[in-house]
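Summary of the model geometry
In case you want the letters, here they are:
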Amino acid sequence: QVQLVESGGGLVQAGGSLTLSCAASGRTFSSYYMGWFRQAPGKEREFVAGISWSGGNTYYRDSVKGRFTISRDNVKNTVSLQMNSLKPEDTAVYYCAAKSGPIATLVYAYDYWGQGTQVTVSS
């Protein structure tokens, strides 16, 4: 069982930066593949970035490559998403999620979800 709590969302101007954090409870955090998703109003939830249990492998959706960086700390049981050069189209509720097994980008593949944190990018 893993419980996830996101923080770090807020309002930022286009071109600005934000860092989202996700704190996880549970002794087996290091065994989970972690992902960040987002959902904009009226749109489906979409994969943003993922990181393997060791942190050695990361994966990003094309629209955030070069701007976002996912990382994790298995001692502190946290996963972060550094977001730079933010655009208005990045506006969404961002969710942290965990799954066992290999990399996945589909929502239904993830077992545990946080409550989400709002990111709003003004133009």
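Each chain has its residues counted from 1, running along the sequence as written. Local features in this predicted model are restricted to residues of pLDDT 70 or higher, and side-chain atom pairs are both shown and tallied only at a pLDDT of 80 or more, whereas totals for entire chains, interfaces and linings draw on every residue. Think of the side-chain values as coming from all heavy atoms in the structure, minus any hydrogens and water.

1. Points about the nonpolar core
- Buried Ala, Val, Leu, Ile, Met, Phe, Trp, Tyr and Cys residues that are joined via side-chain atoms within 4.5 Å together make up what is termed a nonpolar core. Here the term buried applies to any residue with accessible area under 20% of the maximum for its type, exposed to any over 50%, and partly exposed to those in between, with areas from a 1.4 Å probe on protein chains only. Ranked by size, the top nonpolar core spans 29 residues in total, and within it L4, M34, W36, L81, M83 and Y94 carry the most contacts.
- Breaking this core down by element, the ones donating at least two residues are β3 (18–25), β4 (33–39), β5 (46–51), β7 (68–73), β8 (78–83), β9 (92–99) and β11 (117–122).
- If you look at the next biggest cluster of nonpolar residues, it comprises seven residues, including Y33, F37, F47 and Y95. Each helix is a run of H or I in the DSSP string that is no shorter than four residues. Each strand is a run of E no shorter than two, and both are numbered from the N terminus.

2. Notes on the layout of surface pockets
- There is about 160 Å³ of room inside the largest pocket.
- Considering the residues around the largest pocket, the lining is formed by 13 residues, among which R38, A40, K43, E46 and E89 are closest to the centre. A cavity here means a set of 1 Å grid points, computed over protein atoms only, where a 1.4 Å probe fits but cannot escape. A pocket is an open set with protein on both sides within 12 Å along at least 5 of 7 lines, and lining residues have an atom within 4 Å of a point. Grid points are joined across faces, edges and corners, and a volume is the space filled by probe spheres set on the points.

3. Brief notes about the packing of aromatic side chains
- Here a pair means two rings of Phe, Tyr or Trp (six-membered ring of Trp) with centres within 6.5 Å. Their orientation is stacked below 30 degrees between planes, edge-to-face above 60, and tilted elsewhere. Inspection of every chain in the model, using the stated rule, returns seven aromatic pairs.
- Taking the centre distance of 4.9 Å and the plane angle of 80 degrees together, the rings of F37 and Y110 count as edge-to-face. Here Y110 lies in the loop between β9 and β10 (112–113) and F37 lies in strand β4, a separation of 73 residues in the sequence. The pair F37 / Y110 is uniform in exposure class, with both members buried.
- Three or more aromatic residues joined by ring pairs form one cluster here, namely F37, F47, Y59, Y95, Y110 and W113.
- For a ring to carry a charge above it, either NZ of a lysine or CZ of an arginine must fall within 6 Å of the ring centroid while also lying within 35 degrees of the normal to the ring plane. Positioned over the ring face of W113 is R45, at 4.9 Å from the centre of the ring.

4. Regarding unusual backbone geometry
- Here N77, not a glycine, exhibits a phi torsion of approximately 55 degrees, which is positive.
- Looking at the secondary structure, you find N77 in the loop between β7 and β8.
- Residue classification places N77 among the buried residues on the basis of a relative accessible area of 17%.

5. A few points about the pairing of β11
- Every second residue of β11 is oriented toward a common face, the buried set being T117, V119 and V121 and the non-buried set Q118, T120 and S122.
- Whether two strands pair comes down to DSSP finding at least two bridges between them. Where strand β2 (residues 10–13) meets β11, four bridges bridge the pair, whose relative direction is parallel. Within β11, the position partnered with V12 by the bridge is V121.
- Note that β9 and β11 share three bridges and pair antiparallel. The residue of β11 that forms the bridge with A92 is V119.

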